[in-house]
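Secondary and tertiary structure notes
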Amino acid sequence: MRPAPPRAATPAGGTPEVRDPSVLGTWNSAVTSYYVLLGATFLLVAIGLVMVLSSSSVESLADGDSPYAVFLSQARFALIGLPVLLVMSRLPVRVVRLAAWPALLFGIAFQMLVFTPLGAGEGGNRNWVRLPGFMAQPSEVIKVALAVWIGAVLARKLPLLREWRHAFVPVVPVAGAAIGVVLLGHDLGTALVMCLLVAGAMFVAGVPMRVLALAGGIAAGGVALLTIGSENRVNRIMSLLSADCDVTNECYQSLHAGYGLATGGWSGVGLGQSAEKWSYLPAAHNDFIYAILGEELGLVGTLLVLGLFALLAFGMVRIMRRHPDPFVKITTAGVFAWIIGQAVVNIAVVIGLAPVIGVPLPLVSAGGSALIMTMAALGLLLSFARSEPGAAEALAARASVVRRSLAVIGRTRG
């Protein structure tokens, strides 16, 4: 006789919830997105702090600083990012939506400060602002603001997006202006990531493919013009395509990144034992930190980081599939394209599948502004995950269980 299927439990709200007894059923919980995003974020930040300490200590000593200088700075930014993440995770969706226009205008105005006496540049890019006590990168603020703004605009115009003028305006001109102010500082890598963000949000919103193709063509044309106009960028692309590349110039970073990954093998040479960080591999603690991770922790370490980014992607896709609010879906898609897309680009550069364009590995590479704003964006997604169907009730129930358990422990000890 066939056993009866599991009965549906009816919560207080009256909506039956079918409990799947299988192992995979636990991944269908109402709070799966929340805990997957939270756990993957914290693990990536922790791995990043360890690798920043390992990869930066030699250069710090060579500069006459403490070997912990870069690590302590990154740890300080992580501690700043933690309350930012927690605050963002508690914001109601309606408050986030209302902040769309003010946040974008603030981000663009902040970016314009790089062209004032407060601005600073490095490596040919002018994309930093000197603030009391630290340097800030305004383009990271624009990423978060742009994702929220596009989500608010496209969600409001959702019934009209089949018409090209509603799908194109105002998203493409306004997003183009936001990306344009970043390009004015010659930061092409960040601008490309922002283009990915816009494309991901428009795709999930259901913008017609002809409009996406037109916007993509405009972006590709702009990138081509900016690339052709820069001898350095042309050399980077040609070095990737050429079999005969100058290993003392354009191919130097890629060559030494490959040395690091090859030396690491399966299990790595051991944490702190990298040879490439001894002034052989430039940007070892930011853009090329993945090579040091592969050298010290081997294939196991690189796959662990890839797995954590895959979990982030899983949590974001789950929010897009489960949440009923179009604003949440579109904004999450923008953040997905930004963080996961940037991670893919960074890793592709390190392993030699893309030209060097200077984008860090999210949550792992050194960089205060990038870390704080990435944690802010993930906090925003945690807020969305908390408002998934059934998630708020499940989180409240678990919190009450914890409080009751602590009360019992306290009475027992008393």
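Position labels on residues start from 1 in each chain and follow its written sequence. For a predicted model such as this one, the threshold for reporting local features is a pLDDT of at least 70, and the threshold for listing and counting side-chain atom pairs is 80 or more; totals across whole chains, interfaces and linings nevertheless cover every residue. Think of the side-chain values as coming from all heavy atoms in the structure, minus any hydrogens and water.

Within an unreviewed UniProt entry, the label attached to the protein reads Probable peptidoglycan glycosyltransferase FtsW, and the organism entered is Cellulomonas avistercoris. Of the protein, the UniProt comment under Sequence similarities (unreviewed entry) reads exactly: "Belongs to the SEDS family. FtsW subfamily." What UniProt states about the protein under its Subcellular location (unreviewed entry) heading is, verbatim, "Cell membrane". UniProt positions are given in the numbering used here, feature names are shortened, and annotations may be inferred rather than shown by experiment.

Here's the deal with the overall build of the protein
Here a strand is any run of E in DSSP of at least two residues, a helix any run of H or I of at least four, and the numbering for each starts at the N terminus. Secondary structure summary: the protein contains 15 helices and three strands in total. Out of the 414 residues belonging to the protein, those deemed buried represent 45%. Two residues qualify as a contact provided that any one of their heavy atoms is within 4.5 Å of a heavy atom in the partner residue. Counting only contacts in the protein whose residues sit at least 6 apart along the sequence, the fraction spanning at least 24 positions is 71%. To be clear on the numbers: accessible area is Shrake-Rupley with a 1.4 Å probe, and residue cover counts the displayed protein chains and nothing else. Summed over all atoms, the accessible surface of the protein reaches about 20,200 Å², with 68% contributed by carbon and sulfur. Note on classification: 1.4 Å probe, protein chains only; a residue is buried when its accessible area is under 20% of the maximum for its type, exposed when over 50%, partly exposed between these limits.

Some remarks on the environment of Pro102
Inspection of the secondary structure puts Pro102 in helix H4 (residues 100-112). By relative accessible area, which is 52% here, Pro102 ends up exposed. Taking C-alpha positions, Pro102 is 8.7 Å from Ala145, a pair spaced 43 residues apart along the chain.

Details of the sheet that holds strand S2 (residues 125-131)
The rule for pairing is simple: two strands pair if DSSP sees at least two bridges between them. Spatially, the three strands line up as an open sheet ordered S1-S2-S3, and their pairing is antiparallel. Edge positions in the sheet fall to strand S1 (119-122) and strand S3 (134-136), since each has one partner strand and no second. Strand-to-strand, the axes of this sheet are offset by a mean angle of 45 degrees, without reference to chain direction. Inspection of the sheet shows S2 paired to S3 by three bridges, in the antiparallel sense. Opposite Leu131, over in S3, you have Phe134 as the bridge partner. To get an axis, a line is fitted to the C-alpha atoms, and for a helix only the part in contact is used. The angle between two axes follows their N-to-C directions and goes from 0 to 180 degrees.

Observations regarding the packing of helix H5 (residues 138-156) against helix H14 (residues 368-386)
Two elements in contact, H5 and H14, have axes whose closest approach is 8 Å; the angle formed by their N-to-C orientations is 20 degrees. Judged on the interaxial angle alone, H14 and H5 are roughly parallel. Viewed along their axes, H5 and H14 form a crossing whose handedness is right-handed. On the side of H5, the interface is formed by Glu140, Val141, Val144 and Val148, while H14 contributes Ser369, Ala370, Met373, Ala377 and Leu380. Angles are sorted into four bins: roughly parallel if under 35 degrees, roughly antiparallel if over 145, roughly perpendicular if 65 to 115, and oblique for all others. The handedness criterion is simple: a crossing whose near helix is rotated anticlockwise from the far helix by less than a right angle is left-handed, and one whose near helix is rotated clockwise is right-handed.

With respect to the confidence of the model for the protein
Per-residue confidence from the prediction method is given by pLDDT, with values spanning 0 to 100. Of the residues in the protein, 88% have a pLDDT of 70 or more, and the chain-wide mean is 87. Taking the mean pLDDT of every element in the protein, the minimum, 64, falls on helix H15 (residues 391-413) and the maximum, 97, on helix H13 (residues 326-350). Here residues 1-24 is modelled with pLDDT under 50, and outside its nearest four sequence neighbours on either side it reaches 14 contacts, counting other chains as well.

A look at the pattern of salt bridges
When a carboxyl oxygen of Asp or Glu is within 4 Å of a side-chain nitrogen of Lys or Arg, the pair counts as a salt bridge. Under the criterion given, the structure shown has six salt bridges. Connected through salt bridges with shared partners, the residues Arg318, Arg322 and Glu388 form a single ionic network.

Observations regarding the packing of H5 against H13
At a minimum axis separation of 7 Å, H5 and H13 run at an interaxial angle of 145 degrees. By crossing handedness, the relation of H5 to H13 is classed as right-handed. Mapping the contact onto sequence places Glu140, Lys143, Val144, Ala147, Val148, Ile150, Gly151, Ala152, Leu154 and Ala155 in H5 and Pro326, Phe327, Ile330, Thr331, Val335, Trp338 and Gln342 in H13. The nonpolar class holds Ala, Val, Leu, Ile, Met, Phe, Trp, Tyr, Cys and Pro. Asp, Glu, Lys and Arg form the charged class, and all remaining residues, Gly among them, are polar. For the contact of H5 with H13, a count of residues per class yields 12 nonpolar, three polar and two charged.

Brief notes about the nonpolar core
The criterion is simple. A nonpolar core is a set of buried Ala, Val, Leu, Ile, Met, Phe, Trp, Tyr and Cys residues joined through side-chain atoms within 4.5 Å. Leu146, Ile150, Met202, Phe309, Leu312, Phe327 and Leu361 are the most contacted members of the largest nonpolar core, which totals 109 residues. With 13 residues, the top contributor of residues to this core is H5. Contact partners of Leu146, with chain neighbours within four places excluded, come to Leu104, Ala175, Ala178, Met194, Leu197 and Val198.

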